[in-house]
Amino acid sequence: MQYLIELEHEADITGIDELALERLAAHALAVERVPAPAELSVLLADDPTVHELNRTYRATDEPTDVLSFSQSEGESFAQPEGTVPHLGDIIISLDTARRQATEYVISLQDEVAHLLVHGVLHLLGYDHEEPDEADVMRLHEDAILGGAHHH
């Protein structure tokens, strides 16, 4: 595997297939043609953790479903020789994912998979502030997920 996905959790992961998520993250990087080797970190957390991160780093005082923190913004030239580029960190709230999965009537795994891909695309510079940007992002999500589901 040319991509190193560090997946950790500090929340109840009942209903989560961690290996499948690691594979999916690597698949997303491959589909997006991210040069290998590269690594990224994924943390499956709870609402309080994500809320705190959101408040601290995004000045948004609420929990959210997924946060992405890119490591590469403007620093790519500072990569020491021979080290694996670290793309960034994705933090997913399983509490919020559970609520959304119930709302959308899909499995928790499917919802977390969608959030993970969404987070990876954010790390790679995609955004959805504008409607056309959101459309492009959705097309990429579908390509990676195999067009499995929509919100």
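Described in the following lines is the structure provided in the data block.

Analysis parameters
- Residues numbered from 1 in each chain as written.
- Predicted model: local features only at pLDDT ≥ 70, side-chain atom pairs only at ≥ 80, totals over all residues.
- Heavy atoms only, no water.
- Pairing = 2+ DSSP bridges.
- Helix = DSSP H or I, 4+ residues; strand = E, 2+ residues; numbered from the N terminus.
- Axes fitted to C-alpha atoms, helices over the stretch in contact; angles between N-to-C directions.
- Core = buried A, V, L, I, M, F, W, Y, C linked by side-chain atoms within 4.5 Å.
- Buried < 20%, exposed > 50% of the residue type's maximum accessible area, 1.4 Å probe, protein only.
- Contact = heavy atoms within 4.5 Å.
- Salt bridge = Lys/Arg side-chain N within 4 Å of Asp/Glu carboxyl O.

**A short note on the sheet that holds strand β3 (residues 66-70)**
Point 1. As summarised here, the arrangement of the four strands in space is β1-β2-β4-β3, forming an open sheet in which the pairing is mixed. Looking at which strands have only one partner, the edges of the open sheet turn out to be β1 (3-9) and β3. Each neighbouring strand pair of the sheet contributes to a mean axis angle of 15°, computed without reference to strand direction.
Point 2. Sheet analysis places strand β2 (residues 38-45) next to strand β4 (residues 86-93), joined by seven bridges and oriented parallel. Paired with Leu 43 across the strands is Ile 91, a residue of β4.

**Some remarks on the nonpolar core**
Point 1. Counting 34 residues, the largest nonpolar core has Leu 40, Leu 44, Val 112 and Leu 116 as its most contacted members.
Point 2. Among the secondary structure elements, those contributing two or more residues to this core are β1, α1 (18-31), β2, β4, α3 (94-104), α4 (108-123) and α5 (131-145).
Point 3. Sort the elements by how many residues they give to this core and α4 lands first, with nine residues.
Point 4. Ignoring anything within four residues of it in the chain, the contact list for Leu 44 reads Leu 7, Glu 8, His 9, Glu 10, Ala 11, Ile 13, Ile 16, Glu 18, Leu 21, Ile 92, Leu 94 and Val 112.
Point 5. By size, the runner-up hydrophobic cluster in this structure holds seven residues, among which are Leu 43, Leu 67, Phe 69 and Ile 91.

**Brief notes about the pattern of salt bridges**
Point 1. Within this structure, the stated rule accounts for five salt bridges.
Point 2. One salt bridge in this structure joins Arg 98 and Asp 12, with 4.0 Å as the shortest N-O distance. Taken together, the residues Arg 98 in helix α3 and Asp 12 in the loop between β1 and α1 connect sequence positions 86 residues apart.
Point 3. Among the residues examined, Arg 98 registers a relative accessible area of 28% and is labelled partly exposed.
Point 4. Note that Asp 47 is salt-bridged to Arg 99, the shortest N-O span being 3.0 Å. Here Asp 47 is found in helix α2 (residues 47-58), whereas its partner Arg 99 is found in helix α3, with 52 residues between them in sequence.
Point 5. Among the residues examined, Asp 47 registers a relative accessible area of 12% and is labelled buried.

**Focus on unusual backbone geometry**
Point 1. Of the consecutive residues Ala 36 and Pro 37, the connecting peptide bond is found in the cis state with omega at 0°.
Point 2. Here Pro 37 is to be found in the loop between α1 and β2.
Point 3. With a phi angle near 55°, Arg 33 is a residue other than glycine that sits in the positive phi range.
Point 4. Take Arg 33: it is sitting in the loop between α1 and β2.
Point 5. The residue Ala 59 is not glycine, and still its phi comes out positive at about 55°.
Point 6. Positionally, Ala 59 belongs in the loop between α2 and β3.
Point 7. Judged by relative accessible area, which is 71%, Ala 59 ranks as exposed.

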